[in-house]
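Residue strings, one per chain:
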Amino acid sequence: MKAATVVPGRPELSGVVELPVPVPRPGELLVQGLLVGFCGVDRDVTERAHGVLPPGRDRMVLFHESVGRVVHAPGVSGFQEGDYVVGVVRRPDPLPCEACAAGQWDFCLNGEYTERGIKELDGFGAQQWTVEPQFAIKVGPVLGDLGVLTEPASVVAKAWEQVDMIGRRAYFAPRHALVTSAGPVGLLGALFGTQRGLDVHVFDRVAEGLRPDLVRALGATYHTSLEDLGCDPDIVIETTGSGRVVFEVLQHTARNAITVLVGLTGHHRTVPFPAEAAIDNELMLDNDVVVSSVNANLRHYNQAVQALGGADRKWLGSLISRRIPLCDWTDVFDTGPDELKVVVDLQT
Ligand code: BGC
(Lines give C-alpha, C1' and ligand atoms only; values in the text may rest on other atoms or scores of the structure.)
Protein backbone atom coordinates (compact mmCIF):
# COMPACT_ATOMS: atom_id res chain seq x y z
CA MET A 1 0.00 0.00 0.00
CA LYS A 2 1.04 3.60 -0.51
CA ALA A 3 1.51 6.23 2.18
CA ALA A 4 2.41 9.93 2.42
CA THR A 5 5.55 10.14 4.53
CA VAL A 6 7.76 12.88 5.92
CA VAL A 7 10.94 13.40 7.87
CA PRO A 8 10.22 16.30 10.26
CA GLY A 9 12.29 19.34 9.35
CA ARG A 10 13.42 17.85 5.98
CA PRO A 11 10.63 18.83 3.56
CA GLU A 12 12.70 17.72 0.55
CA LEU A 13 12.32 14.10 1.77
CA SER A 14 8.49 14.19 1.72
CA GLY A 15 6.95 11.73 -0.72
CA VAL A 16 4.93 8.61 -1.35
CA VAL A 17 6.38 5.31 -0.20
CA GLU A 18 5.27 1.71 -0.48
CA LEU A 19 4.66 0.21 2.97
CA PRO A 20 3.37 -3.21 4.06
CA VAL A 21 -0.37 -3.30 4.84
CA PRO A 22 -0.53 -2.83 8.63
CA VAL A 23 -1.53 -5.85 10.68
CA PRO A 24 -4.08 -4.91 13.36
CA ARG A 25 -3.06 -5.85 16.89
CA PRO A 26 -5.63 -7.88 18.86
CA GLY A 27 -8.77 -5.79 19.25
CA GLU A 28 -7.79 -3.16 16.67
CA LEU A 29 -9.68 -2.08 13.56
CA LEU A 30 -8.22 -2.19 10.07
CA VAL A 31 -9.41 0.83 8.10
CA GLN A 32 -9.27 1.72 4.43
CA GLY A 33 -8.14 5.33 4.41
CA LEU A 34 -10.39 7.55 2.29
CA LEU A 35 -9.37 11.17 2.89
CA VAL A 36 -6.96 13.10 5.05
CA GLY A 37 -7.16 16.85 5.60
CA PHE A 38 -4.21 19.23 5.53
CA CYS A 39 -3.71 21.90 8.20
CA GLY A 40 -0.95 24.29 9.25
CA VAL A 41 0.37 21.79 11.79
CA ASP A 42 1.19 19.37 8.94
CA ARG A 43 3.31 22.12 7.43
CA ASP A 44 4.98 22.73 10.79
CA VAL A 45 5.67 19.00 11.20
CA THR A 46 7.19 18.78 7.73
CA GLU A 47 9.02 22.08 7.39
CA ARG A 48 9.68 23.30 10.91
CA ALA A 49 10.31 20.04 12.76
CA HIS A 50 7.26 20.44 15.04
CA GLY A 51 6.91 16.66 14.62
CA VAL A 52 8.80 13.81 16.30
CA LEU A 53 9.53 10.53 14.49
CA PRO A 54 8.30 7.26 16.00
CA PRO A 55 11.19 5.73 17.99
CA GLY A 56 13.66 3.85 15.79
CA ARG A 57 12.11 5.06 12.54
CA ASP A 58 13.56 7.23 9.77
CA ARG A 59 10.25 8.56 8.41
CA MET A 60 6.66 8.94 9.57
CA VAL A 61 3.27 8.74 7.91
CA LEU A 62 1.83 12.28 7.94
CA PHE A 63 -1.68 13.63 8.54
CA HIS A 64 -3.92 13.64 11.60
CA GLU A 65 -7.30 14.65 10.07
CA SER A 66 -8.78 11.40 8.80
CA VAL A 67 -11.77 9.50 7.56
CA GLY A 68 -11.88 5.92 6.38
CA ARG A 69 -14.05 2.81 6.23
CA VAL A 70 -13.64 -0.20 8.46
CA VAL A 71 -12.27 -3.23 6.58
CA HIS A 72 -11.93 -5.52 9.57
CA ALA A 73 -13.45 -5.16 13.05
CA PRO A 74 -13.28 -7.64 15.92
CA GLY A 75 -16.74 -8.75 17.06
CA VAL A 76 -16.66 -6.89 20.38
CA SER A 77 -15.31 -3.60 19.02
CA GLY A 78 -18.67 -1.90 18.46
CA PHE A 79 -17.72 -1.35 14.79
CA GLN A 80 -18.70 -3.20 11.65
CA GLU A 81 -17.16 -3.60 8.26
CA GLY A 82 -18.11 -0.60 6.09
CA ASP A 83 -18.55 1.87 8.99
CA TYR A 84 -17.10 5.33 8.39
CA VAL A 85 -14.53 6.13 11.08
CA VAL A 86 -12.25 8.94 12.14
CA GLY A 87 -9.10 8.32 14.16
CA VAL A 88 -8.47 10.29 17.35
CA VAL A 89 -5.16 12.19 17.18
CA ARG A 90 -3.76 12.01 20.71
CA ARG A 91 -2.92 9.00 22.89
CA PRO A 92 -2.53 9.37 26.67
CA ASP A 93 0.98 9.44 28.06
CA PRO A 94 2.08 5.95 29.21
CA LEU A 95 2.34 6.84 32.91
CA PRO A 96 -0.50 8.06 32.65
CA CYS A 97 -0.72 11.44 34.37
CA GLU A 98 -3.90 12.18 36.33
CA ALA A 99 -5.44 14.11 33.42
CA CYS A 100 -4.72 11.37 30.86
CA ALA A 101 -5.94 8.72 33.30
CA ALA A 102 -9.22 10.63 33.51
CA GLY A 103 -9.58 10.58 29.69
CA GLN A 104 -8.48 14.22 29.41
CA TRP A 105 -5.35 13.66 27.32
CA ASP A 106 -6.01 17.06 25.78
CA PHE A 107 -4.95 18.43 29.20
CA CYS A 108 -1.96 16.04 29.58
CA LEU A 109 0.19 17.21 32.48
CA ASN A 110 3.61 15.83 31.59
CA GLY A 111 3.71 16.33 27.80
CA GLU A 112 4.56 12.65 27.25
CA TYR A 113 1.44 12.09 25.15
CA THR A 114 1.84 10.90 21.56
CA GLU A 115 -0.07 12.16 18.50
CA ARG A 116 -0.79 10.37 15.23
CA GLY A 117 1.03 12.03 12.36
CA ILE A 118 2.61 14.60 14.68
CA LYS A 119 4.45 13.14 17.64
CA GLU A 120 5.96 9.63 17.69
CA LEU A 121 3.09 7.82 15.96
CA ASP A 122 2.31 7.28 12.29
CA GLY A 123 -0.52 9.39 10.98
CA PHE A 124 -3.48 8.47 8.81
CA GLY A 125 -2.06 9.39 5.39
CA ALA A 126 -1.94 5.77 4.25
CA GLN A 127 -4.22 3.62 2.08
CA GLN A 128 -4.84 1.41 5.12
CA TRP A 129 -4.36 2.17 8.80
CA THR A 130 -5.13 0.54 12.11
CA VAL A 131 -6.73 2.10 15.16
CA GLU A 132 -7.77 0.97 18.63
CA PRO A 133 -11.61 1.01 18.78
CA GLN A 134 -11.53 3.25 21.86
CA PHE A 135 -9.73 5.87 19.72
CA ALA A 136 -12.04 5.53 16.71
CA ILE A 137 -15.09 7.74 16.17
CA LYS A 138 -18.00 6.47 14.11
CA VAL A 139 -19.52 8.91 11.65
CA GLY A 140 -22.82 8.13 9.96
CA PRO A 141 -23.15 7.37 6.24
CA VAL A 142 -24.93 10.69 5.66
CA LEU A 143 -21.79 12.56 6.66
CA GLY A 144 -19.67 9.90 4.93
CA ASP A 145 -16.28 11.15 3.80
CA LEU A 146 -17.14 14.68 5.01
CA GLY A 147 -16.23 13.07 8.32
CA VAL A 148 -12.72 14.29 7.44
CA LEU A 149 -13.89 17.58 9.02
CA THR A 150 -14.46 15.85 12.38
CA GLU A 151 -10.97 16.41 13.78
CA PRO A 152 -10.82 20.17 13.11
CA ALA A 153 -14.42 20.38 14.38
CA SER A 154 -13.36 18.56 17.58
CA VAL A 155 -10.81 21.28 18.28
CA VAL A 156 -13.55 23.88 17.78
CA ALA A 157 -15.96 21.91 20.00
CA LYS A 158 -13.42 21.99 22.80
CA ALA A 159 -13.00 25.75 22.37
CA TRP A 160 -16.76 26.29 22.68
CA GLU A 161 -16.87 23.99 25.70
CA GLN A 162 -14.21 26.17 27.31
CA VAL A 163 -16.48 29.17 26.76
CA ASP A 164 -19.39 27.37 28.44
CA MET A 165 -17.32 26.29 31.41
CA ILE A 166 -15.63 29.64 31.96
CA GLY A 167 -18.93 31.44 31.39
CA ARG A 168 -20.28 29.75 34.52
CA ARG A 169 -17.88 31.76 36.72
CA ALA A 170 -20.39 34.65 36.81
CA TYR A 171 -23.49 36.06 35.17
CA PHE A 172 -22.89 35.48 31.44
CA ALA A 173 -25.56 35.85 28.80
CA PRO A 174 -23.57 36.13 25.57
CA ARG A 175 -25.20 37.53 22.44
CA HIS A 176 -22.37 38.37 20.06
CA ALA A 177 -19.52 36.09 19.02
CA LEU A 178 -16.55 36.97 16.88
CA VAL A 179 -14.50 34.43 14.95
CA THR A 180 -11.19 35.55 13.55
CA SER A 181 -10.36 34.12 10.12
CA ALA A 182 -12.75 32.42 7.74
CA GLY A 183 -10.43 29.50 7.14
CA PRO A 184 -11.80 25.99 7.77
CA VAL A 185 -11.42 26.18 11.57
CA GLY A 186 -12.94 29.67 11.66
CA LEU A 187 -15.88 28.60 9.50
CA LEU A 188 -16.48 25.61 11.77
CA GLY A 189 -16.23 27.96 14.77
CA ALA A 190 -18.88 30.17 13.17
CA LEU A 191 -21.08 27.12 12.50
CA PHE A 192 -21.03 26.19 16.21
CA GLY A 193 -21.84 29.81 17.12
CA THR A 194 -24.84 30.00 14.82
CA GLN A 195 -26.03 26.58 16.01
CA ARG A 196 -26.14 28.16 19.49
CA GLY A 197 -28.31 30.99 18.20
CA LEU A 198 -25.64 33.65 18.68
CA ASP A 199 -25.13 36.72 16.52
CA VAL A 200 -21.90 35.63 14.83
CA HIS A 201 -19.35 37.91 13.17
CA VAL A 202 -16.37 36.63 11.20
CA PHE A 203 -13.28 38.70 10.51
CA ASP A 204 -10.96 37.84 7.63
CA ARG A 205 -8.73 39.87 5.31
CA VAL A 206 -9.96 38.19 2.10
CA ALA A 207 -12.66 40.52 0.70
CA GLU A 208 -14.43 38.33 -1.86
CA GLY A 209 -15.11 34.77 -2.85
CA LEU A 210 -16.01 31.63 -1.02
CA ARG A 211 -15.13 32.86 2.48
CA PRO A 212 -17.69 35.72 2.70
CA ASP A 213 -20.24 33.56 0.84
CA LEU A 214 -19.92 30.69 3.31
CA VAL A 215 -20.11 33.04 6.29
CA ARG A 216 -23.27 34.69 4.94
CA ALA A 217 -24.78 31.29 4.14
CA LEU A 218 -24.65 30.60 7.89
CA GLY A 219 -26.53 33.82 8.62
CA ALA A 220 -23.36 35.33 10.12
CA THR A 221 -21.80 38.70 9.23
CA TYR A 222 -18.51 39.04 7.38
CA HIS A 223 -15.98 41.80 8.10
CA THR A 224 -12.63 42.70 6.63
CA SER A 225 -11.95 45.18 9.42
CA LEU A 226 -12.47 44.95 13.17
CA GLU A 227 -13.44 48.63 13.20
CA ASP A 228 -16.87 47.99 11.67
CA LEU A 229 -18.05 45.11 13.88
CA GLY A 230 -21.05 47.11 15.10
CA CYS A 231 -21.05 45.21 18.43
CA ASP A 232 -18.73 44.27 21.27
CA PRO A 233 -18.28 40.50 21.14
CA ASP A 234 -18.84 38.54 24.37
CA ILE A 235 -17.02 35.54 22.90
CA VAL A 236 -14.07 35.37 20.54
CA ILE A 237 -12.85 32.21 18.85
CA GLU A 238 -9.39 33.27 17.69
CA THR A 239 -8.08 30.99 14.95
CA THR A 240 -5.34 33.08 13.30
CA GLY A 241 -2.68 32.70 16.00
CA SER A 242 -1.42 36.14 14.96
CA GLY A 243 -0.19 38.18 17.93
CA ARG A 244 -1.28 41.36 16.19
CA VAL A 245 -4.85 40.08 15.66
CA VAL A 246 -5.12 38.77 19.24
CA PHE A 247 -4.23 42.12 20.78
CA GLU A 248 -6.36 44.05 18.32
CA VAL A 249 -9.34 41.83 19.10
CA LEU A 250 -9.01 42.44 22.85
CA GLN A 251 -9.65 46.14 22.20
CA HIS A 252 -13.07 45.30 20.81
CA THR A 253 -14.47 42.78 23.28
CA ALA A 254 -17.35 43.41 25.70
CA ARG A 255 -16.93 43.41 29.47
CA ASN A 256 -16.51 39.87 30.92
CA ALA A 257 -15.61 38.56 27.45
CA ILE A 258 -14.05 35.16 26.87
CA THR A 259 -11.46 34.86 24.12
CA VAL A 260 -10.30 31.37 23.18
CA LEU A 261 -7.04 30.99 21.29
CA VAL A 262 -7.10 27.97 19.00
CA GLY A 263 -4.72 29.09 16.25
CA LEU A 264 -1.01 28.34 15.85
CA THR A 265 1.05 30.34 13.37
CA GLY A 266 4.30 28.39 13.54
CA HIS A 267 6.03 31.82 13.40
CA HIS A 268 7.42 33.66 16.39
CA ARG A 269 7.22 37.28 15.29
CA THR A 270 7.73 40.24 17.58
CA VAL A 271 4.70 42.48 17.96
CA PRO A 272 5.23 46.01 19.35
CA PHE A 273 2.47 46.34 21.87
CA PRO A 274 1.56 48.58 24.88
CA ALA A 275 1.39 45.63 27.27
CA GLU A 276 0.50 47.43 30.51
CA ALA A 277 -2.27 49.54 28.98
CA ALA A 278 -3.76 46.38 27.51
CA ILE A 279 -3.54 44.52 30.82
CA ASP A 280 -5.22 47.42 32.64
CA ASN A 281 -7.83 48.45 30.12
CA GLU A 282 -8.56 45.45 27.93
CA LEU A 283 -8.22 42.65 30.49
CA MET A 284 -8.25 43.68 34.18
CA LEU A 285 -10.91 46.37 34.21
CA ASP A 286 -13.12 44.26 31.95
CA ASN A 287 -12.83 40.91 33.84
CA ASP A 288 -11.79 39.45 30.49
CA VAL A 289 -10.52 35.90 30.11
CA VAL A 290 -8.08 34.80 27.44
CA VAL A 291 -7.71 31.05 27.38
CA SER A 292 -5.85 28.77 25.02
CA SER A 293 -7.21 25.47 23.84
CA VAL A 294 -5.39 22.68 22.04
CA ASN A 295 -6.33 19.17 20.96
CA ALA A 296 -9.56 17.39 21.92
CA ASN A 297 -10.76 14.38 23.87
CA LEU A 298 -13.48 11.86 23.01
CA ARG A 299 -16.29 14.08 24.25
CA HIS A 300 -15.24 16.82 21.83
CA TYR A 301 -15.07 14.40 18.89
CA ASN A 302 -18.61 13.31 19.68
CA GLN A 303 -19.75 16.95 19.94
CA ALA A 304 -18.06 17.53 16.58
CA VAL A 305 -19.94 14.66 14.91
CA GLN A 306 -23.18 16.05 16.30
CA ALA A 307 -22.49 19.60 15.06
CA LEU A 308 -21.45 18.40 11.60
CA GLY A 309 -24.57 16.23 11.47
CA GLY A 310 -26.70 19.32 12.13
CA ALA A 311 -25.02 21.35 9.38
CA ASP A 312 -26.08 21.69 5.77
CA ARG A 313 -24.21 18.99 3.84
CA LYS A 314 -23.68 21.20 0.81
CA TRP A 315 -22.21 23.95 3.00
CA LEU A 316 -19.85 21.44 4.63
CA GLY A 317 -18.84 20.11 1.21
CA SER A 318 -17.91 23.66 0.15
CA LEU A 319 -15.32 23.78 2.94
CA ILE A 320 -13.28 21.31 0.89
CA SER A 321 -11.70 23.51 -1.73
CA ARG A 322 -9.33 20.97 -3.32
CA ARG A 323 -8.89 17.19 -3.52
CA ILE A 324 -5.43 16.00 -4.38
CA PRO A 325 -4.59 12.41 -5.34
CA LEU A 326 -2.16 10.63 -3.03
CA CYS A 327 0.57 10.51 -5.70
CA ASP A 328 0.66 14.34 -5.74
CA TRP A 329 0.06 14.88 -2.03
CA THR A 330 2.98 17.30 -1.55
CA ASP A 331 0.93 19.82 -3.60
CA VAL A 332 -0.91 20.47 -0.31
CA PHE A 333 1.92 22.83 0.59
CA ASP A 334 1.05 25.15 -2.33
CA THR A 335 -2.00 26.78 -0.80
CA GLY A 336 -3.48 29.98 -2.19
CA PRO A 337 -4.86 32.82 0.01
CA ASP A 338 -8.47 31.83 -0.71
CA GLU A 339 -7.90 28.13 -0.07
CA LEU A 340 -10.10 26.34 2.47
CA LYS A 341 -9.66 22.67 3.42
CA VAL A 342 -7.38 20.78 1.08
CA VAL A 343 -7.77 17.02 1.31
CA VAL A 344 -5.75 14.13 -0.05
CA ASP A 345 -7.68 11.30 -1.66
CA LEU A 346 -5.88 8.19 -0.49
CA GLN A 347 -7.49 5.83 -2.99
CA THR A 348 -6.66 7.64 -6.26
C1 BGC B 1 -4.28 19.13 16.14
C2 BGC B 1 -4.26 18.79 17.59
C3 BGC B 1 -2.84 18.70 18.10
C4 BGC B 1 -2.12 19.98 17.77
C5 BGC B 1 -0.69 20.05 18.27
C6 BGC B 1 -3.46 20.34 15.90
O7 BGC B 1 -3.46 20.60 14.52
O8 BGC B 1 -5.60 19.37 15.71
O9 BGC B 1 -4.94 17.59 17.79
O10 BGC B 1 -2.84 18.47 19.47
O11 BGC B 1 -2.17 20.18 16.40
O12 BGC B 1 0.14 19.02 17.82
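Per-chain numbering applies: the sequence of each chain, read as written, is numbered from 1 onward. Under the rules for a predicted model, residues below a pLDDT of 70 receive no local features and side-chain atom pairs below 80 are neither given nor counted, while totals for whole chains, interfaces and linings still include all residues. Side-chain descriptors were evaluated using all non-hydrogen atoms of the structure, hydrogens and water having been removed beforehand.

1. Some thoughts on the domain arrangement of the chain
Often, the extent of an interface is quoted as the loss of accessible area on bringing the components together.
Thinking step 1. Here the limits of each domain have been adopted from an automatic or database domain assignment. Domain boundaries assigned for the chain yield domain 1 (2-139 + 313-345) and domain 2 (154-292).
Thinking step 2. On the side of domain 2, 20 residues touch domain 1, which itself brings 14 residues to the contact.
Thinking step 3. The buried area of a pairing is the accessible area, by a 1.4 Å probe, that goes missing from both parts when the two are put together, added over both. For the domain 1 and domain 2 pair, buried surface summed over both sides reaches about 1300 Å², with 68% attributable to carbon and sulfur atoms.
Thinking step 4. Per-residue buried area on domain 1 facing domain 2 is highest for Trp 315, Asp 338 and Leu 340; these three make up 45% of the total on that side. Throughout, a residue-residue contact means that at least one pair of heavy atoms, one from each residue, lies within 4.5 Å.

2. Some remarks on the site of the ligand
Thinking step 1. Proximity criterion: a residue is near a molecule or strand once any of its heavy atoms comes within 4 Å of it. The ligand sits among Cys 39, Val 41, His 50, His 64, Val 89, Arg 90, Glu 115, Ile 118, Glu 151, Val 155, Val 294 and Asn 295.
Thinking step 2. At 3.4 Å from an oxygen atom of the ligand is found a side-chain nitrogen or oxygen belonging to Arg 90.
Thinking step 3. Between Glu 115 and the ligand, the recorded distance is 2.5 Å, taken from a side-chain N or O atom to an oxygen atom.
Thinking step 4. Note on areas: these come from Shrake-Rupley sampling with a 1.4 Å probe, and a residue is covered only by the protein chains present in the view. In the complex, 89% of the free accessible area of the ligand, which totals 310 Å², lies under the protein chains.
Thinking step 5. Residue composition of the shell around the ligand, by class: six nonpolar, three polar and three charged. Distance and chemistry together define a polar contact, namely a pair of N or O atoms within 3.5 Å, with one atom able to donate a hydrogen and the other to accept it when in protein, and with adjacent residues in sequence counting only for side-chain atoms on both sides. Just so you know the grouping, Ala, Val, Leu, Ile, Met, Phe, Trp, Tyr, Cys and Pro go in nonpolar, Asp, Glu, Lys and Arg go in charged, and all remaining residues, Gly too, go in polar.

3. Describing the side chain of Asp 93
Thinking step 1. Secondary structure elements are defined from DSSP: runs of H or I of at least 4 residues count as helices, runs of E of at least 2 residues count as strands, and each element is numbered from the N terminus. Here Asp 93 shows up in the loop between β7 (90-91) and α2 (98-101).
Thinking step 2. Buried charged residue Asp 93 carries no salt bridge. Nearest counter-charge: Arg 90, at 8.7 Å.
Thinking step 3. Side-chain polar atoms of Asp 93 contact the backbone nitrogen of Leu 95, separated by 2.8 Å.
Thinking step 4. A polar atom in the side chain of Asp 93 sits 3.3 Å from the side chain of Asn 110.
Thinking step 5. If near-sequence neighbours (up to four positions away) are discounted, Asp 93 is found in contact with Cys 100, Cys 108, Asn 110, Glu 112 and Tyr 113. The rule is simple: take the accessible area with a 1.4 Å probe, protein chains only, and divide by the maximum for that residue type; under 20% is buried, over 50% is exposed, in between is partly exposed. Lys and Arg are tallied as positive, Asp and Glu as negative. Neither His nor the chain termini are counted. Every case where a carboxyl oxygen of Asp or Glu lies within 4 Å of a side-chain nitrogen of Lys or Arg is listed as a salt bridge.

4. Section: the nonpolar core
Thinking step 1. We call a set of buried residues a nonpolar core when its members are Ala, Val, Leu, Ile, Met, Phe, Trp, Tyr or Cys and they connect through side-chain atoms within 4.5 Å of each other. Within the largest apolar cluster, 91 residues are counted, with the highest numbers of intra-cluster contacts made by Ile 237, Leu 316 and Trp 329.
Thinking step 2. Both of domain 1 (2-139 + 313-345) and domain 2 (154-292) provide at least three residues apiece to this core.
Thinking step 3. In this view, Leu 316 contacts Leu 143, Leu 146, Leu 149, Leu 188, Leu 308 and Ala 311; residues no more than four positions away in its chain are not counted.

5. Quick notes on the sheet that holds β7
Thinking step 1. Pairing between two strands is assigned when DSSP locates at least 2 bridges connecting them. Pairing is mixed across the open sheet formed by three strands, whose spatial order is β7-β8-β9. At either margin of the open sheet sits one strand with a lone partner, and together these are β7 and β9 (120-121).
Thinking step 2. With two bridges connecting them, β7 and strand β8 (residues 114-116) associate as antiparallel partners. Each residue of the ladder has a partner; that of Arg 90, found in β8, is Glu 115.

6. So, the pattern of salt bridges
Thinking step 1. Evaluated as defined, the whole model comprises 19 salt bridges.
Thinking step 2. Here Asp 122 and Arg 57 are joined by a salt bridge, their closest N and O atoms 2.9 Å apart. With Asp 122 in the loop between β9 and β10 (128-131) and Arg 57 in the loop between α1 (40-47) and β4 (60-61), this pair connects stretches of sequence that are 65 residues apart.
Thinking step 3. A relative accessible area of 24% places Asp 122 in the partly exposed class.
Thinking step 4. Residues joined in a network through salt bridges with shared partners are Asp 204, Arg 211 and Asp 338.

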